[in-house]
Amino acid sequence: MKVALVTGASKGIGKACALRLARDGYTVVVNYSSSDEAAQQTLDQIKAEGGDGMLYKANVADLSQVKVMVREVFKAYGRIDVLVNNAGIVRDEYLLMMNPETLDKCFDLNVKGYFYCAQQVAVKMYKQKSGVIINMSSVSSKFALPGQAVYSATKGAVNSLTQTLAKELGGFGIRVNAVAPGFIATEMIEAIPEETRKGYLEKIPLKRFGSADEVANIVSALASDQFAYVTGQVFVLDGGLSL
Amino acid sequence: MANEEVKSKLKSFFMSDLGVDGDVLQYDTALFGDEIGLDSVDSLEIISFVDSTFGVSMTGVAKENFQSIDTIAAYIEAHKA
Ligand SMILES: NC(=O)c1ccc[n+]([C@@H]2O[C@H](COP(=O)([O-])OP(=O)(O)OC[C@H]3O[C@@H](n4cnc5c(N)ncnc54)[C@H](OP(=O)(O)O)[C@@H]3O)[C@@H](O)[C@H]2O)c1
């Protein structure tokens, strides 16, 4: 049995990754923090397609909850092969409007949450001498958009921690990579005002937003042995936006 | 598990998995000092061993707790479920 833990898997990109990994044969832990119904739908769909898994409600920005979650998952399945650090939030604010709560919220989830999950899961993967960690970054880590300083900084941090953890953990059979999507059609994008969205579309050479399934394709590939020699990399999929 | 048993399990682990000389290793010997000379990579081994053997998480725990078999055993005793 192979086990994948996907954080923020009740919706959007995380949900697509959970479904895809289940189709790839992983038993999938669907983590989420508040959307009970949506999370249940993810698990129901996994099961309807013949897959298996469990729900785990936990706020991954809270180390104590992450510790309990990883312990419980390990108790249930005895291993964790893949961690997709995906749960994240975007809060666009121009520098002069930025408030400390935004800064804390974004860093607590998008950065500290990734560290907490990676740390707790790495202990288990270390024992197995194998494992894959995939961090959801963003094209915003490489391509500056006014108003996204906080979000970009958190995703820049994700790229850096990906590289360092890849070096730290490589010797123990653990690979760490990141995926940096551009605009992907999820609730996160729906929250952007129509006019701004149109403006973004014009800037994308492929003239469309990406789909969560397209992100899941890369996650699936990175988790597989096909990519066994790849670690510490950030894969951009943005329809050419950052060119 | 009695404290003595925890210490003895830890000592066996240091000898078999980390190649520490059993004659030099006492329960109060400094693990990261000159005598034994473990490094930070070894601490990952220790954390993993303690996690899987005693079910106690030592991630993020202050360095002082890793000083010797005595201090690790004390931490395990204080935190086991
Ligand atoms: N959409 C894009 O265009 C895009 C582009 C680049 C990068 N990304 C990145 O991709 C990731 C997913 O984005 P998305 O668009 O799919 O977001 P989304 O649709 O808003 O979904 C976010 C997911 O994270 C969960 N979540 C939120 N806070 C959490 C917490 N504290 N603990 C555990 N789970 C939590 C949510 O579950 P609950 O509702 O149950 O809390 C939900 O399942 C993020 O890291 C984002 O930065 C997205």
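The structure presented is a predicted model; accordingly, all values stated were derived computationally and were not measured.

Caption draft 1: The overall build of chain B, seen in detail. A tally of regular secondary structure across chain B gives 3 helices and 0 strands. Reading the secondary structure of chain B in the N-to-C direction produces α-α-α. Principal-axis analysis of the C-alpha atoms places the extent of chain B at approximately 35 × 25 × 20 Å. Each of the 81 residues in chain B was classed as buried or not, and the buried ones make up 41%. The contacts of chain B with a sequence gap of at least 6 include a subset with a gap of at least 24, amounting to 51%. Carbon together with sulfur atoms contributes 47% to the accessible area of chain B, which is approximately 4,200 Å² in total. Side chains of chain B carry 5 positive and 15 negative charges; the gap between the two charge centres is 7 Å.

Caption draft 2: Representation of the site of the ligand within the structure. Residue and element names in this part refer to chain A. Inspection of the region around the ligand gives 31 residues, with Ser-10, Ser-33, Ser-35, Tyr-151 and Thr-186 positioned closest. Note that an oxygen atom of the ligand is positioned 2.5 Å from one of the side-chain N or O atoms of Tyr-151. In this structure, Ile-184 approaches the ligand through a main-chain N or O atom, which is 2.8 Å from an oxygen atom. For the ligand, whose accessible area on its own is 890 Å², the fraction buried by protein is 92%. Where the shell around the ligand is concerned, the elements lending two or more residues are α1 (12-23), β2 (26-32), α4 (100-128), α5 (149-170) and α6 (187-190).

Caption draft 3: Spatial organisation of the layout of surface pockets. Considering only enclosed or pocket space, the second largest pocket measures out at about 690 Å³ in volume. Along the walls of the second largest pocket sit 22 residues, with A:Glu168, B:Ser40, B:Ser43, B:Leu44 and B:Ile47 positioned nearest its centre. Elements with a contribution of two residues or more to the lining of the second largest pocket: α4 and α5 of chain A together with α2 (40-54) of chain B. In terms of residue class, the lining of the second largest pocket is made up of 15 nonpolar, 5 polar and 2 charged.

Caption draft 4: Fine view of the packing of helix α1 (residues 3-16) of chain B against α2(B). All names here are of chain B. The contact between α1 and α2 brings their axes to 12 Å, and the two run at 135°. Taken together, α1 and α2 sit at an angle that is classed as oblique. Seen from above, α1 lies across α2 with right-handed handedness. Contacts from Val-6, Lys-9, Leu-10, Phe-13 and Phe-14 in α1 reach Glu-45, Ile-46, Phe-49, Val-50, Thr-53 and Phe-54 in α2. Tallied by class, residues from the contact of α1 with α2 come to 8 nonpolar, 1 polar and 2 charged.

Caption draft 5: Layout of the pattern of salt bridges. All names here are of chain A. Counted by the stated rule, this structure contains 12 salt bridges over all chains. For Glu-214, the salt bridge identified is with Arg-208, shortest N-O distance 2.8 Å. Accessibility expressed as a relative area gives 41% for Arg-208, which makes it partly exposed.

Caption draft 6: How the structure looks around the sheet that holds strand β3 (residues 52-57) of chain A. Residues and elements named next belong to chain A. A sheet is described by the order of its strands in space; here 7 strands give the open sequence β3-β2-β1-β4-β5-β6-β7, paired in parallel fashion. What marks the edges here is a single partner per strand, and that holds for β3 and β7 (234-237). Put simply, the sheet's adjacent strands are angled 15° from each other on average, direction ignored. Across the sheet, α4 is in contact with β1 (2-6), β4 (82-85), β5 (131-136) and β6 (174-181); its angle to β4 comes to roughly 175°.

Criteria and cut-off values
- Residues numbered from 1 in each chain as written.
- Chains lettered and ligands numbered in written order.
- Predicted model: local features only at pLDDT ≥ 70, side-chain atom pairs only at ≥ 80, totals over all residues.
- Heavy atoms only, no water.
- Helix = DSSP H or I, 4+ residues; strand = E, 2+ residues; numbered from the N terminus.
- Buried < 20%, exposed > 50% of the residue type's maximum accessible area, 1.4 Å probe, protein only.
- Contact = heavy atoms within 4.5 Å.
- Areas by Shrake-Rupley, 256 points an atom, 1.4 Å probe, with all protein chains shown as cover.
- Lys, Arg positive; Asp, Glu negative; His and termini not counted.
- Charge placed at Lys NZ, Arg CZ, Asp CG, Glu CD.
- Near = heavy atom within 4 Å.
- Polar contact = N/O pair within 3.5 Å; in protein donor to acceptor, adjacent residues only side chain to side chain.
- 1 Å grid on protein atoms, 1.4 Å probe; cavity = no way out; pocket = protein on both sides within 12 Å on 5 of 7 lines; lining within 4 Å.
- Points joined across faces, edges and corners; volume = space filled by probe spheres on them.
- Nonpolar A, V, L, I, M, F, W, Y, C, P; charged D, E, K, R; others polar.
- Axes fitted to C-alpha atoms, helices over the stretch in contact; angles between N-to-C directions.
- Parallel < 35°, antiparallel > 145°, perpendicular 65-115°, else oblique.
- Left-handed = near helix turned anticlockwise from the far one by under 90°.
- Salt bridge = Lys/Arg side-chain N within 4 Å of Asp/Glu carboxyl O.
- Pairing = 2+ DSSP bridges.

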